[in-house]
Structures are given as structure tokens and as C-alpha cells.
Amino acid sequence: MIVDDEEFHHLNNPADGIKPIVKKYLGVPNHAEQKGNKFFFTDGDASVEVTIVTKEIIRIRLAPHSVFLDEFSYAVSELPTKAVAFNLSETDLEFKVSTEAVNCHIRKQDFFISFSDNNGVITSSDATPMHWEENVKFGGYYVFCTKTCAPEESFFGLGDKATEFNLRGKRLKNWNTDAYSYGWNQDPLYRSIPFYISVNEGIAHGIFFDNTFKAHFDFGGEDQTKTSFWADGGELQYYYIHGPHMMDVVKNYHILTGTHPMPPLWALGYHQCRWSYYPENKVRVIANGFRQNKIPCDGIYLDIDYMDGYRCFTWNPKYFPNPRKMIEDLAANGFKTVVIIDPGIRVDDNYSVFKEGKEKRYFCRRSDDYFMEGHVWPGRCQFPDFTNPEVRTWWGGLFDELVDLGVAGVWNDMNEPAVFGSGTFPDDVRHQYDGFRGSHRKAHNVYGMQMVRATYEGLRKQMKNKRPFTITRAGYAGVQRYSSVWTGDNVASWEHLKIGNVQLQRLSVSGISFCGTDIGGFSGEPDGELFTRWIQMGTFSPFMRAHSAGDTKEREPWSFGEPFTTINRKFIELRYRLLPYLYSAFWEHHRYGFPILRPIVMHEQETVANHFRQDEFTYGDKILICPVLEPGKTSRMVYLPKGKWYHFWSLEMVEGGQEVHVATPLDTMPIFVKAGSVIPEYPVMQYTSEKPIEEVKLNIYYSDYEVNSFLFEDYGETFAYEQDIYLEKKFIVNGTAKTMSIKQSMEGLYTPRYEGYHIKINGLPFKPSKIIADGKEIKEVSVNPDKTYEFKFSKNFKQIEILK
Ligand code: GLC
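Calculation notes
Residues numbered from 1 in each chain as written. Predicted model: local features only at pLDDT ≥ 70, side-chain atom pairs only at ≥ 80, totals over all residues. Heavy atoms only, no water. 1 Å grid on protein atoms, 1.4 Å probe; cavity = no way out; pocket = protein on both sides within 12 Å on 5 of 7 lines; lining within 4 Å. Points joined across faces, edges and corners; volume = space filled by probe spheres on them. Helix = DSSP H or I, 4+ residues; strand = E, 2+ residues; numbered from the N terminus. Nonpolar A, V, L, I, M, F, W, Y, C, P; charged D, E, K, R; others polar. Domains from an automatic or database assignment. Contact = heavy atoms within 4.5 Å. Buried area = accessible area lost by both parts, 1.4 Å probe. Salt bridge = Lys/Arg side-chain N within 4 Å of Asp/Glu carboxyl O. Polar contact = N/O pair within 3.5 Å; in protein donor to acceptor, adjacent residues only side chain to side chain. Near = heavy atom within 4 Å. Areas by Shrake-Rupley, 256 points an atom, 1.4 Å probe, with all protein chains shown as cover. UniProt positions renumbered as here; feature names shortened; annotations may be inferred. Pairing = 2+ DSSP bridges. Buried < 20%, exposed > 50% of the residue type's maximum accessible area, 1.4 Å probe, protein only. Axes fitted to C-alpha atoms, helices over the stretch in contact; angles between N-to-C directions. Arc of directions from axis to C-beta.

Caption draft 1: Focus on the layout of surface pockets. Empty space within the largest pocket amounts to approximately 840 Å³. Listing elements by their share of the lining of the largest pocket, those giving two or more residues are strand E5 (57–63), strand E12 (141–148), strand E20 (236–242) and helix H8 (440–462). Sort the elements by how many residues they give to the lining of the largest pocket and E5 lands first, with 4 residues. Class assignment of the residues belonging to the lining of the largest pocket gives a composition of 19 nonpolar, 11 polar and 11 charged. Each of two domains, domain 1 (24–257) and domain 2 (270–342 + 389–592), supplies a minimum of three residues to the lining of the largest pocket. Of the voids in this model, the second largest pocket is the one considered here, and its volume is about 700 Å³. As for the second largest pocket, its lining consists of 22 residues, and the residues nearest its centre are Leu 265, Ile 693, Asp 714, Tyr 715 and Tyr 750.

Next comes the structure, spelled out in C-alpha cells:
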């Protein structure tokens, strides 16, 4: 029988005739009120709150009937508390709330909200007043914000979207999804990062729409003059983040949502994964394969088959009879063991994790109080409610045995959450939501983040002062505080290499710098060329892990024979050589909020053509990379930002601000180093802690203008850096036609064990007659055929002068 919704609704209803609110727009603001750093404006019914967060960040909230929801956010754990100067002014036309850097205008005629900088340039403005629509089914509102979209405005961010880097013209959705073998333009994927950056007429600003419900973004897609974002519930709450540079926006976004903690150094090495390496002997064979082939590797992963019937926190006694011994032996051979954990807990009264979770009511329930049950790898499962702090503590504690066995890292998978058949949980599943309660509609996008948070916090407690390593598939804004991420189940295709290259840059500007793809492609079979090109790109992914599905052929760096093995080794060795550089870039991220991968637009946002460049990017600040993304390519064009660059392999100097033609034989890829850089290098090791570092190589590139470089050093595996035990070194390089100077200064409390630097000078335009270090002439200098010069000196030098 078909029930007529309308009639049914009105039957015996005393309020007959009252229609749900279809679309309601803010009216005319008639009143302004201040409470501390908050201003309230109302049209008599609805209210808008404007909060001064910092001088560059202003938050807007809308309450349809002037009742704001409780202030709580998983993304922003705490608003910055530093005092900011601000004021409110009023004219006939508008109310204006201003800080030193930004003005927020509330137009009296129609409640339009806009933002301008201190030069009076309007950077963002409403195209319609904020609005909402009632949903009688769930009780609450769809909430909308529509802003103008300028003719040449570009948009970046939103996490892991598999589409062009510039989001102009796209309509996209945030709803964490298990998207096995996704394709170009498929949306949504695994993560929801409701943060975007606009660049218009050379000025950047960001919008962080902190709403965990299913959310939508339209960047001039439906109407090229409008940009909209809206959500299927919750509060219309967004942060306007001022630039003017994209880098400022990203740094400010990190002030709100945090950065990645420093990883243990080994986590930046090469990692080998597969679904699955088992039994134990297979794991040992793979580990030995690395040592025999002399290919460096620090991490080996155990996928679901290490468990007993896929029960989390158990071991399969047949395949892994003595995990402690295996993990110990692997550790002695330089491998850290990382194990997978899924949220689905098998319904089985003889399984202690299930029993305890059931007794303590830790599993999610439906609205009518039935448990949320669904099938995943173990069969019928129930799922912990990770939005409950007590459940998170319990979950964190479950890792004690694994930590005791020597497990060094935990891979958090299937946490969108994924459920076979239905995709995910039904909407009516209830969540504790840290005491603020919610249905799955509200908790879905944060479920995975809260799972990996529970894992990370548990590991952190149990590993004492050691840095835990975690990786997650799903996440929400702020997940970077707890984990690295990988881009999920990609495919062994050239198209996916390209998707991955864009995804990593996008994640990086969306707060998630510690990211990587499944090198080689998860499903399908790469040939040797594709695998090698992927290893090359992966060498410059902040997280470097090869992974493959169970039904594929062997996929280790030596599986494709020559010439691939040699080339793969060369690049993985390069990864290890550049570790101190990556580690320093990581520090710049952790401490100062810089992303690790920086797309071209981040360097030169004023030029609109750069908004569409998406192949090349810089790795940290000094090294430019352009992966080769097509088969059989013997050369390609690469854009270099303005300034001077050195071709990494030939040392040829190239003028930037243009596209250059670069040869790309399989054993190289386009890599350029900024003139004036000091690139630190470690000796190649088979794993990060194989030998103590006896000397650090400094590759110094001549420049005729001043350039600064950084080197960060600390213990590499403890949290001593939180007590300021680290060393930040700064190098300043400058040169003329007849001289070159390198200055070093340092700050911090850490003393590295090595004594000296091995210095290599590249690109010197003259033949040196003298090299003077801290007043002493250096006599032992090797001169190489490529006109580079090498010598050794103390790590504590203050100044080196090279004279013609
Ligand atoms: C999911 C993961 C994949 C893993 C597999 C088995 O598909 O994304 O990485 O190997 O599950 O655990």
C-alpha cells in the first residue's frame, strides 16, 4: 500500500496546515550584541554568531531560531586563546567586525556576509543570505551557504578527491566511503576534509566548514558565478581563514586542526606490505629478500591473515605460532612490524574482545536498541563506538599485548566504517559522540578518525616515550593529529599513478602531509615500468609503502627483474640518502604548519596558468619533483618556479619561471634543486638504525643571491622534542662571481653524535683558490671532473668562504 505522506502527516494533527520550512533565508539584521570575542546579529528569529578566533581567522555560525548547538568539535580541539585586538563599527549600510588583518561585513539590507583584507579588497562574499531547510524525517535542517564565484577564481583542498587539482567547476560530496578500485572523478572516497582554499586575483583565503554530516561543495559547477557548501544536518558553522598566500591559509588551518606529531625516523623509510604475507616463513623470506638484494627497507606489514579467523588482537596459531620470536628476529634484521586492525569485532562469545565489549555495552546500537551488526572479513560483526571516550580508552588498552610482542605500528583499515553489502552503517545507528550524542548521520565521517585516535592514544601510553606509528584509511579534518594516511584501494594503472600524484598534493594542502599511495597499485598487475615509475614517485611521497591485493603476482622491488631491480634500488637508496631532508621538512610541518608537498600554485599563485599545474610539486621547499606519469616517455616538459634551479642528475643550472624540456630515461626522473640550497644527506643504509651516523653530507648548491636552508636533528624516536630537546640549524648561502659563503647558526638543546660534515659544493662558477672555514684554510679538497668540490669540516662551523 502506498501511503500518502502529506495526508498521513496531517491526520489528527492539531497543528494542521503548518508546513515544514522549505527554504528559509536570513532576513534583515536589526541588532548587534557583543559578548567577549563574539558578536551576535539577529533578524528577530534567526541569529548569526561571529567569533574572532585569531587576527586571520573568523568563525561564523547560524542558528535558525537563535538556539546554537553545544560547542563541540572533533576537528578543533581547542580554539586559540591568544588575545586579539578587534572592534565593531556600524554605518547605515553595514555592521563591520575588524581585526588587524580582516574585516567581516554584515550588510544591513539583506544579511549578506563578506570578508575583506586591510587594503579593502573583498575576498569572499555571500551571493545569497545563509539559509536552511527543514527535514521533518530527521528533525533538523539542511544548512546552506552560497558565495560568489569570480571568473578566474580557483579552488584547492578537500582532501583525497580523485579529480583535477583545481576544483573549479566541480560538485563534490564528503561522506567517507570504502571505494575499492575507485576511478578518476569518482566521489566520495575514504576521507572527509571540509576545507578548501580559494585563490582569486592573486589573493588566497580558506573556508573550513566544520560540519561532520554528509556535506556538499559546488565550485561554480551548477552556476559559474556561485560557490556553495551545504550539509544534510548539523550547524552552519564555518571558519573564514585569511591568506593572502595559500601557505598562510594552510598554516592557519593547521592552527585550528593541528599537525602530525613527529614520526619515528624509521616510519619515513621504505615499507613493504601485501595482502598478505603469511605464514611466518613467508615474512622471513621477504625480509631476507630485501637484505640479499641490498634494497633498504624499515617496515614490514601483516595484513588480516595474521589473525585467527580475522579476530582483531589474536594470532593465527598455524601461520604464526610464535609471533614474539618472529618479531624479535625481524627486529634484529632491521624490520619494524606493523599489523592491521579493523573495527569489525566478530560476534563470538568465546572471543574475549567481543565478550568484554558486549558486557560493557561498547558496541554501537540502532535507534531501537538492537546492536549494529554487519558483515566484514570475520563474518558477522559488531562495532565499537569510538565516539565514546570510555570505548577509546578500552580500545587503546587492547594493544598492550601487541606492543609487548614488539609490534611498532598499527594500520587502521575499513574504518569509514565499511560494511559488506550495505556499504556502511544505516543512518539510525546511535553514537555517544563524547557526550553530545548523535546518529550515524552525524558520526559517520568522524568514526574512522576516532578509531585511529583511540589506537594512537593507546599506543602512546603503552610505548612510553617512544613515538607510535599509525596509518588510517578513513579520516576527518584533524585526523593528522593521530595518524598518517594512504589513499586506499587504488589500481595498477598509469591513470592511477596520475590520480595518486594529485591526491597526495591535495591531501598535503588539506592538512594531511603524511600521506602515500599503495605503490604499484593495490588491484591489478603493474608491469616493471609502471612499478618503477611508481617507486620513483613514492620516493618523494611523505609515506612510502608498496602494497598489493592478495590475488596479484609477487610485488617486491626485485620482482620484475633487470633493469627494474637496479633502478628501484637506486631510488629507494635516494629516499634513505634524503632522510634528514625529509625529516627536517616534517619538522617544519609539525612545528610551523608547512605542508610537506607543495604544489606549484603554492609557490606562484599570482599566475592563473599555475592554478592548473598538477604534475610537478616541491618536496619540502628546496627540491622540485615531476613524476613521469605515462608509459614509454623519454622526455617531458616541467615547469620550474622563478629563480635558479639545478638539474639534480647533471648539475646543469636552469633558469626558472618557464617550462623546460627534460629527458626522462627510465633510470631517472625530473628532479631539480633550488640554487642556494643546503641538502643534508645520510649514508645509504639498509634500515634507518643500521649504523650510527658518522658524518652528514651537505650538498650545497651555489647561488648568486641569498638563500636559507634548515636542518632539524633530534633522537628520532622519542618525545624529547616536546621538552625542546632538538637542534634547529640554519644555513645561509650567498655568492658573487668570485666568492661563495656558507654560514651556519643553530638553536636547541640536542647534540648529535657525529662530529663532522662532508661538504660538497655544486655549481661553483669559478675555480676556487682558497677555502677558509672559521678562519682556517682547508687544504684537503677533492676536485671532481664535474667541477664539484668536496672537503670535510666540523659540524659546528660558523662560516665557510670560498674564494676565486
Ligand atoms: C582493504 C584495504 C587493503 C587491505 C585489505 C585486506 O581493502 O584497503 O589495503 O589489504 O582490506 O585487509
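Caption draft 2: Representation of the domain arrangement of the chain. The domains assigned to the chain are domain 1 (24–257), domain 2 (270–342 + 389–592), domain 3 (597–674) and domain 4 (692–803). Taking the mean C-alpha position of each, domain 1 and domain 3 sit 34 Å from one another. Facing 16 residues of domain 1, the contacting portion of domain 3 comprises 11 residues. Between domain 1 and domain 3 lies a buried interface of about 1,100 Å² when both sides are counted; carbon and sulfur atoms form 64% of it. Three residues, Phe 165, Met 246 and Met 247, lead the burial of domain 1 against domain 3; their summed loss comes to 42% of the area buried on that side. The interface formed by domain 1 and domain 3 includes 0 salt bridges. Here domain 1 and domain 3 share 6 residue pairs in polar contact (both at pLDDT 80 or more) between them. Contributing elements (two or more residues each) for the side of domain 1 that touches domain 3: strand E13 (154–157), strand E17 (203–209) and helix H2 (246–257). Per-element accounting of the side of domain 1 that touches domain 3 gives the leading share, 3 residues, to H2.

Caption draft 3: The site of the ligand, seen in detail. Around the ligand lies a shell formed by Trp 275, Asp 303, Ile 304, Ile 340, Trp 377, Trp 411, Asp 413, Arg 473, Trp 486, Asp 489, Phe 522 and His 547. In this structure, Asp 413 approaches the ligand through a side-chain N or O atom, which is 3.0 Å from an oxygen atom. A distance of 2.8 Å is found between an oxygen atom of the ligand and a side-chain nitrogen or oxygen belonging to Arg 473. Its free accessible area being 310 Å², the ligand has 98% of it covered by the protein chains. Of the residues that constitute the shell around the ligand, the class distribution is 7 nonpolar, 1 polar and 4 charged.

Caption draft 4: Here's a closer look at the UniProt feature "domain: DUF5110" (unreviewed entry) in the chain. Here, the residues flagged by UniProt with the feature "domain: DUF5110" (unreviewed entry) are residues 696–763. Between the first and last C-alpha atoms of residues 696–763 the distance is 20 Å; the span itself is 0% helix and 57% strand.

Caption draft 5: Representation of the sheet that holds strand E22 (residues 299–302) in the model. Taken together, 9 strands build an open sheet; the order of strands is E33-E32-E30-E27-E23-E22-E21-E35-E34 and the sheet is parallel. Each of the sheet's edge strands pairs with one partner strand only, and the pair in question is strand E33 (515–516) and strand E34 (518–519). Summarising the sheet, strand E27 (residues 409–412) and strand E30 (residues 469–472) pair through 4 bridges and their orientation is parallel. Within the sheet, the bridge partner assigned to Trp 411 lies in E30 and is Ile 471.

Caption draft 6: Looking closely at the pattern of salt bridges. Inspection of every chain in the model, using the stated rule, returns 48 salt bridges. With its nearest N and O atoms 3.1 Å apart, the salt bridge here joins Glu 71 to Arg 59. Residue Glu 71 is located in the loop between E5 and strand E6 (87–90), and its partner Arg 59 is located in strand E5; the two are separated by 12 residues in the primary sequence. Judged by relative accessible area, which is 40%, Glu 71 ranks as partly exposed. Residue Arg 59 is classed as buried on the basis of its relative accessible area of 2%. Close ionic contact of Lys 226 with Asp 223 constitutes a salt bridge, the shortest N to O distance being 3.2 Å.

Caption draft 7: Broad picture of the sheet that holds strand E41 (residues 653–655). One open sheet accounts for 6 strands, arranged E36-E37-E38-E43-E40-E41; its pairing is antiparallel. In the strand order of this sheet, the two ends are held by strand E36 (597–599) and E41, each with one partner. Taken over all neighbouring pairs, the strand axes of this sheet differ in orientation by 35° on average, direction set aside. Here strand E37 (residues 617–619) pairs with strand E38 (residues 623–625) via 3 bridges, running antiparallel. Within E38, the position partnered with Tyr 619 by the bridge is Ile 623.

Caption draft 8: Representation of helix H5 (residues 352–359) in the model. Residues Val 353, Phe 354 and Gly 357 constitute the buried set of H5. For H5, the angular spread of buried residues about the axis comes to 95°, placing them on one side. Those residues of H5 that are exposed and aimed more than 90 degrees away from the buried face are Ser 352 and Glu 359. If you follow the buried residues of H5, they end up packed against strand E24 (345–346), strand E26 (379–382) and helix H6 (389–397).

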